[in-house]
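Examining the three-dimensional arrangement
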Amino acid sequence: MRDIIQNSRTPSDSVERRYSTDSTRTANDESGKPSDFDNEKGDKALPPPPIVPVGFWDHSERELSSLLALILSVFILTVLSLYWGALSHIDQNISSLTVFVVDFDGMAPYTDVTPLVGPLIVKNTEARLAFPDPHLGYQTLPPSHFGNDPMNVRQEVYDYKAWAGIVINPNATALLQQAIETGNSSYDPSGAFQFFYVEARDHDTVHTHIWPELHLLCKDVTERFGSQWTQRVLANSSITRNQLELAPQALSPAIGYSEYNLRPFHPPVALPAVTIGLIYLIIISFFSFAFYMPTHMRFLIPAGHPPLRFNQFVFYRWIATMGAYFFMSLAYSFVSLAFRIPFSNQPSPGYLPVHNPDAYGQATFVVYWMINFFGMCALGMACENVAMIIGQPWTAMWLIFWVISNVSTSFYALDITPKFYYWGYAWPLHNIVEASRQVLFGLHSRIGLNLGILLAWCAINSALFPFCCYFMRWKTAKEKKAAAMAAKGVKGAGMGR
């Protein structure tokens, strides 16, 4: 009978017994602990069921895609509006570009001559202030404001007190009348008045808004005065034909003007160093975080060596990051040197038109390098801290915001942007651009303010750096714990089958 019962067992019973034996053997670890697939009664449970793929139009997939699309759409609308908005009120704000108008005509020793040139130009500029069309902000000031010295007007334009200046030269009317009366053939009409500006301060603003209007103004003034002056001279019977033949330029055009660019923007290869090239400075400082992170983490992961204490790891990371910025900024600065941007010209007084002076002579390159170094620290340390706080994938959105917010307040004159953008004066890239222009073109120096703001960014972000490191460690540990609990939950679901 025993043989009959044993022989009557089905093959499936035999397989089930073998499966149970194998499961018991493989599920227990070396200490004899039961497998995670054991249920509360000690019975063996099957492994968790496999995850079944779903179609693209599954409800959960549609919700995720819609949410991400909404977030990105709102982000694009908000952040890109910063860039478009910076140029949205230029026509209304052109008058913020101040132009000094100073009339030196009629000064001693020709006080007995009634000025004609100066009053006409002043009247013309003041009339433009009432125009409905966009116009520059003409500001008429007396010669005494500048110590009765035309060179002081140039100096104040150089010192950023105004964007340009118009000076009616001393005794312009008296010299013109004298040329007619004496037949002075050496009379030069271009000595009647002058205008000047600093192109390297912001070449785009100067060429787009300042230079065209000043040229139009000067052309209008010379034509209007020439017409009036010709009628006046021909109506004077005391002036002979012989006098007019000796000095025909004193009759027409009668007056002209001289143009002085106190600091030309040159050479053209310097353009990337103060504009688009600085975007790469932001990108390089941003990606140094992801580039060096695997190397940094080797100090925390025990792979044949004990891990570094975390507080010492934080200090090491800060030192390593600063060292990386130090050498990367040097490499970035070498690019400008390699393309022959001058770094050794001597400085020059601000009131003299000089072609490409450097602010610090032979030391200009070192100062330029330090500007890039502190700028990279200010830009990069902010990226380091934010990347540790928000993590992926949000760091890509932060980079877009960081680039656009800096570019919007750096590559365009804040004088013609809406006042909302005045926070840009405290943004890192604005101060890098201003300091770089000052060094490369010998402009008015505000480098103390510029470096002070950059150092403030470095100090604040360095103070926040340890807290961000500890937050990143806490967040990583929390995510690992959540992942472990989720995995355990999946196993538990398999046990209940």
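Figured I'd write up the structure that's included with this text. Computed from a predicted structure; not experimentally measured. (Residues numbered from 1 in each chain as written. Predicted model: local features only at pLDDT ≥ 70, side-chain atom pairs only at ≥ 80, totals over all residues. Heavy atoms only, no water.)

Some points on the overall build of the protein
- The number of helices and strands found in the protein is 16 helices and five strands.
- Within the protein, buried positions represent 43% of all 497 residues.
- Once local pairs closer than 6 in sequence are excluded, the contacts in the protein between residues at least 24 apart make up 77%.
- Looking at the protein as shown, the accessible area adds up to about 26900 Å², and 64% of this sits on carbon and sulfur atoms. (Helix = DSSP H or I, 4+ residues; strand = E, 2+ residues; numbered from the N terminus. Buried < 20%, exposed > 50% of the residue type's maximum accessible area, 1.4 Å probe, protein only. Contact = heavy atoms within 4.5 Å. Areas by Shrake-Rupley, 256 points an atom, 1.4 Å probe, with all protein chains shown as cover.)

What to know about the pattern of salt bridges
- Enumeration according to the criterion identifies four salt bridges in this entry.
- Here R224 ties to D220 by a salt bridge, and the two come within 3.5 Å at their closest N and O atoms. You can see R224 and its partner D220 sitting in helix 8 (residues 203-234), four residues apart, about one turn around the helix.
- Owing to a relative accessible area of 40%, R224 belongs among the partly exposed residues under this scheme. (Salt bridge = Lys/Arg side-chain N within 4 Å of Asp/Glu carboxyl O.)

As for the pairing of strand 1 (residues 98-103)
- A large share of strand 1 lies buried, amounting to six of its six residues.
- Here strand 1 shows two buried faces, one formed by T98, F100 and V102 and the other by V99, V101 and D103.
- In this fold, strand 1 hands off to helix 5 (residues 117-128), which returns the chain to strand 2 (residues 137-141); that crossover is right-handed.
- Note: strand 1 against strand 3 (residues 164-168), five bridges, orientation parallel. (Right-handed = clockwise from strand over helix to strand, strands pointing away. Pairing = 2+ DSSP bridges.)

A short note on the packing of aromatic side chains
- Overall, the coordinates contain 30 aromatic pairs when judged by the stated rule.
- Seen in terms of ring centroids, F193 and Y257 are 5.8 Å apart; in terms of plane orientation they differ by 35°. Their pairing is tilted. Placement of F193 in strand 4 (residues 193-197) and of Y257 in strand 5 (residues 257-261) is noted, with a sequence separation of 64 residues between them.
- For Y257, a relative accessible area of 26% puts it in the partly exposed group.
- Ring geometry for F310 and Y470: centres 4.9 Å apart, planes at 65°, overall edge-to-face. Linking F310 in helix 12 (residues 310-338) with Y470 in helix 16 (residues 447-495), this pair joins segments that are 160 residues apart in sequence.
- Of the residues examined, F310 reaches a relative accessible area of 12% and is grouped as buried.
- Residue Y470 is classed as partly exposed on the basis of its relative accessible area, which comes to 36%.
- Here a set of aromatic residues connected by ring pairs shows up, and it is made of W398, F401, W402, F420, Y421, W423, W427 and W457.
- The cationic tip of R154 hangs over the ring face of Y260; the distance from NZ or CZ to the ring centre is 4.3 Å. (Phe/Tyr/Trp six-rings, centres within 6.5 Å; stacked < 30°, edge-to-face > 60°. Lys NZ or Arg CZ within 6 Å of the ring centre and 35° of its normal.)

Things to note about the environment of A387
- Note that A387 resides in helix 13 (residues 364-390).
- On the basis of relative accessible area, A387 is assigned to the buried category, the value being 8%.
- Along the primary structure A387 and W398 are separated by eleven residues, whereas in three dimensions their C-alpha atoms are 8.2 Å apart.
- Each residue touching A387, except ones within four places of it in the same chain, is listed here: F289 and T395.

Concerning the packing of helix 12 against helix 13
- Between helix 12 and helix 13, whose axes approach to 8 Å, the crossing angle comes to 135°. By the angle between their directions, the pair helix 12 and helix 13 is classed as oblique. As helix 12 runs across helix 13, the sense of the crossing is right-handed.
- When grouped by side-chain class, the residues that make up the contact of helix 12 with helix 13 number 18 nonpolar, six polar and two charged. (Axes fitted to C-alpha atoms, helices over the stretch in contact; angles between N-to-C directions. Parallel < 35°, antiparallel > 145°, perpendicular 65-115°, else oblique. Left-handed = near helix turned anticlockwise from the far one by under 90°. Nonpolar A, V, L, I, M, F, W, Y, C, P; charged D, E, K, R; others polar.)

Overview of the nonpolar core
- With 73 residues, the main nonpolar core has W402, L429, I432 and L440 as its most contacted residues.
- Residue contributions to this core peak at 14 residues, all from helix 13.
- Contact partners of L440, with chain neighbours within four places excluded, come to A273, V274, I341, F343, N356, P357, D358 and Y368. (Core = buried A, V, L, I, M, F, W, Y, C linked by side-chain atoms within 4.5 Å.)

Comments concerning the sheet that holds strand 1
- Taking strand neighbours across the sheet as the criterion, the five strands line up as 2-1-3-4-5 in an open arrangement whose pairing is mixed. This sheet does not close on itself; its edge strands, each paired only once, are strand 2 and strand 5. Averaged over all pairs of adjacent strands, the angle between strand axes in this sheet comes to 20°, irrespective of strand direction.
- Examined bridge by bridge, strand 4 and strand 5 share five bridges and lie parallel to one another. Opposite Y197, over in strand 5, you have N261 as the bridge partner.
- Together, strand 1, strand 3, strand 4 and strand 5 form the strand contacts of helix 6 (residues 150-158), whose direction differs from that of strand 4 by roughly 20°.

So, the side chain of S329
- Mapped onto the fold, S329 is located in helix 12.
- On the basis of relative accessible area, S329 is assigned to the buried category, the value being 0%.
- Only 3.2 Å separates the side chain of S329 from the side chain of W369, close enough to count as a polar contact.
- Residues within four places of S329 in sequence aside, it is in contact with W369, N372, F373 and M376. (Polar contact = N/O pair within 3.5 Å; in protein donor to acceptor, adjacent residues only side chain to side chain.)

Observations concerning the state of the cysteines
- Taken as a whole, this structure holds zero disulfides when the rule is applied.
- Sulfur of C458: no disulfide; nearest cysteine sulfur belongs to C377 and is 4.6 Å away.
- A residue is classified by how much of its surface remains accessible, and C458, at 8% relative accessible area, is buried. (Disulfide = S-S within 2.5 Å.)

Comments concerning the side chain of S410
- Summarising the element assignment, S410 is placed in the loop between helix 14 (394-408) and helix 15 (428-441).
- From its side chain, S410 meets the backbone nitrogen of H430 in a polar contact 2.9 Å long.

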